[in-house]
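Tertiary structure, described
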Amino acid sequence: MNEKYKTIDRIRTLRQMKQKKQTQWQLPERRKNREERLQQLRSNGSQIQTYKHPAKPSTLQKHSVSRIEKTKQKSPKSANNTWPIKWLFWIALLVIVPAGAGITAISALFKLPSQADCEASYWPTASASKRLYCAQILATSPTVDSLLQAINLVDVLSNDHPMRPNIDVYIEQWSEKILSLGDLAFQDGKLEEAIKIAQKVPQKVSAYPVVKEQIQNWQQTWTKAETTYKKAQEHLRQEQWNQASMEASRLLSVPNVHWETKKYQELINDIKRTRKEGDKLNQARDIGEQGGLDNLTNAVKKAQAIGKNSYLYQTAQKLILNLGEQIADMALVELNEGNWQEALKIVNKVPENDVLEEKVKDIELLARAHSPANLGTIVGLEDAIAQAQKLKTERPLYSKAQQLISIWQQEIADVKIIEEGKKLAQPGGISDLKVAIAKLQTVPPYNPRGQEATTLIGNWSRQLQQQEDRPYLEKAEKLASFGDISSIQAAIDEASQIGRGRTLYEEAQQKIQRWTQRVQRSQDQPILDNAERLASSGNLEQAIITAQQIQQGRVLYPQANSKIQQWQSQKEAKESLENARQAAAVGTVDGYAQAISLAQKVPTYSSRQLEASQLINQWGQQILSIAMDEVNQNVPLAIEIARKIPVNSVAYNSAQSQIRIWQTWLNPTPEYQTPTPEAVEYQTIPIPPDQSQKLREENQKTITDERGKPLISAPKFMNNN
């Protein structure tokens, strides 16, 4: 009988689990808000309105339930009776048990206990009907403890009790109510409390596997939601806004009211706030990348606006640290260059940071140590060393402090040498200066006071050289004052003893150059005068040869070279005119044309340019005359001859006029036409045929040059030689 009811219960439980799984996979018509879903969970099955912590049971209930829990079922002992005895036992049991159960049930129906009787009952002797009734009263209270008390109150009945099937049904219902309370706590965001509630469901109920599965689902759902939430938070820390929003949207698909409403909204608010903070952080980065003290400090202020509760706080702190390190490095650069006051000014703007604190203090200490060191005295340097020695091995700038200490110690040694050298050079004598220079030469140039020592050595060396070389220069000036060539040459030799790089070298070279020019001028002036006399007499070739004796680099060379170019031009002009006359002596058109071409080679700046122009005019008129003579026999040949007259000849315009007239003879018009303006402009007036011969005769008699003189006979040539 009991096995039958147990089988029915298992089938019902499995059916409920299947329906529940199918319900979980069905998509709702719309997503309910947090309040609606909680209201649905509260009204599910047990009609629970609100979840509260279980109230403390009364003393009687507590005592009664505790006594019930201590009661254990006794397993029947196996009998070793003989086979007839077994049959008698089972026959009696079949008769007595149903009869007793019927009598007990009938009596329970007619005598139901009241609630007051439940509180005052002594449960070890209480009837099954009373236990069930009181358990039902306890189960009406929406608390876990009340439901557990109800289960414990009736679960003590044996499995073969006639009322056991009904009791198992109630136990299943109350277990489901306990699991619903656990799910309500889970939906409210209380995972641990939900698990504790679910674990209170008795393990022997048939629905207990559902409890384990439910707890596992809760844990998986919670883990998945937490993972998604943490991913979104990590994206916010990495300033990945889109990825964070995508992760946040995944919370909407989590089957938990707490995560899909409250935690989702919290994450959305965090994304909005963090994104604004990210914009501020980007502004700080952009300003910091521009460099410079002002930009770095402004960037620090913007980054410091990111609060500790922000996801970007650590990123902002890293940026502040980076900016602070840059500012500290700037201060350190100024410190290395000796600008300790500027270093102090900069290091005071380094933001407060535990990582940078010691470095900032070290820079401040070393910067203040530079103040007495810059005095340049032994006392000041010793004071600076004492301050730098305060930095121990573990300090950030310990190595820098040791470097400065070494420099200042070396500087103390240099100061002592320099002071001794100054005392030695104070008399100012040659030997004094040499000893002082030798003393300071023991200070290397790369030492802290090396530059000062080098400067003093340079000053004393100049004083020493002046004292050593001045006698040479004074003696040279005295020799040059005699004025003769040998004395001046001796002065040059004396001044040349002052070598290059010496203090008086430039002054000596200026005097040597002046005296050398006097010697060269006295030597070369007679040569140039002789060349000019030869040129004046017409012997240009010899004049050029004479002037070329003055070599390049001597004082009169530019003047002699200018004269040579002038005389060379005159010589070439003379040769050109002589060759032109020889060509013109032939008396032919080609001879005159060649002569004109040679005459045109005479430069415009030549003194024979006027003579060349006169000859060109004469030969041009002669060519025109030949053309006039030829026109009676051969007009085309006359035109060709006239065209050989050059433009710069006075006969050019007359020749061009005649050429135009002669061209009309070669191309006469049939009738006389009134000349057009263009014909008048270009002097191409057509001539009537009957007047052509008459005009030819008149032209032969009236041809004149530009001055209006007739060209009847050949021009007379001047003898320009």
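Residues numbered from 1 in each chain as written. Predicted model: local features only at pLDDT ≥ 70, side-chain atom pairs only at ≥ 80, totals over all residues. Heavy atoms only, no water.

**Remarks on a positive patch on the surface**
- There is a patch of like positive charges on the surface, built from Lys 272, Lys 276, Lys 280 and Lys 302.
- By the secondary structure assignment, Lys 280 is in helix H12 (residues 257–289).
- For Lys 280, a relative accessible area of 42% puts it in the partly exposed group. (Patch = residues over 30% accessible without salt bridge, like charges linked within 9 Å, V, L, I, M, F, W, Y side chains within 5 Å. Areas by Shrake-Rupley, 256 points an atom, 1.4 Å probe, with all protein chains shown as cover. Salt bridge = Lys/Arg side-chain N within 4 Å of Asp/Glu carboxyl O. Lys, Arg positive; Asp, Glu negative; His and termini not counted. Charge placed at Lys NZ, Arg CZ, Asp CG, Glu CD. Helix = DSSP H or I, 4+ residues; strand = E, 2+ residues; numbered from the N terminus. Buried < 20%, exposed > 50% of the residue type's maximum accessible area, 1.4 Å probe, protein only.)

**Focus on the pattern of salt bridges**
- Applying the stated rule across the entire model yields 23 salt bridges.
- Residues Asp 524 and Arg 554 are paired through a salt bridge, measuring 2.6 Å at the closest nitrogen-oxygen approach. Of this pair, Asp 524 sits in helix H22 (residues 505–536) while Arg 554 sits in the loop between helix H23 (540–547) and helix H24 (557–584), and the two are 30 residues apart along the sequence.
- You can call Arg 554 partly exposed: its relative accessible area is 24%.
- Among the ionic contacts, a cluster of salt bridges with common partners joins Glu 411, Lys 422, Arg 449 and Glu 452.

**Points about the packing of helix H16 (residues 354–373) against helix H18 (residues 398–425)**
- Packing of H16 against H18 leaves a shortest axis separation of 12 Å and a crossing angle of 5°. With respect to their mutual orientation, H16 and H18 come out roughly parallel. Here Leu 366, Ala 369, His 370 and Ala 373 of H16 come into contact with H18, specifically with Lys 400, Ala 401, Leu 404 and Trp 408.
- Its residues assigned to classes, the contact of H16 with H18 comprises 6 nonpolar, 1 polar and 1 charged. (Axes fitted to C-alpha atoms, helices over the stretch in contact; angles between N-to-C directions. Parallel < 35°, antiparallel > 145°, perpendicular 65-115°, else oblique. Contact = heavy atoms within 4.5 Å. Nonpolar A, V, L, I, M, F, W, Y, C, P; charged D, E, K, R; others polar.)

**A few points about the environment of Gln 618**
- With respect to the secondary-structure elements, Gln 618 resides in helix H26 (residues 609–630).
- Note on Gln 618: relative accessible area 12%, which makes it buried.
- Gln 618 sits 31 residues away from Ser 649 along the chain, and the two C-alpha atoms are 8.2 Å apart.

**Quick look at the side chain of Glu 364**
- If you trace the backbone, Glu 364 turns up in helix H16.
- Within the buried set, Glu 364 has no salt-bridge partner at all; the shortest N-O distance to an opposite charge, 4.1 Å, is to Arg 368.
- Not counting the four nearest positions on each side in its chain, Glu 364 is found in contact with Leu 344, Val 347 and Asn 348.

**Some words on helix H28 (residues 652–666)**
- The end-to-end C-alpha distance of H28 is 21 Å, a good match for the 21 Å that 15 residues give at a rise of 1.5 Å each.
- Taken together, the buried positions of H28 are occupied by Ser 654, Ala 655, Gln 658, Ile 659, Trp 662, Thr 664 and Trp 665. (Expected span 1.5 Å × (residues − 1).)

**Looking at unusual backbone geometry**
- Unlike most non-glycine residues, Glu 239 shows phi in positive territory, near 60°.
- On the secondary structure map, Glu 239 appears in the loop between helix H10 (208–237) and helix H11 (241–250).

**Details of the packing of helix H20 (residues 450–480) against helix H21 (residues 485–495)**
- Between H20 and H21, the least distance of the axes is 7 Å, while the angle of their chain directions is 170°. By the angle between their directions, the pair H20 and H21 is classed as roughly antiparallel. Between H20 and H21, the residues in contact are Tyr 472, Leu 473, Lys 475, Ala 476, Leu 479 and Ala 480 and Ser 487, Ile 488, Ala 490, Ala 491, Glu 494 and Ala 495, respectively.
- Partitioned by chemical class, the residues of the contact of H20 with H21 number 9 nonpolar, 1 polar and 2 charged.

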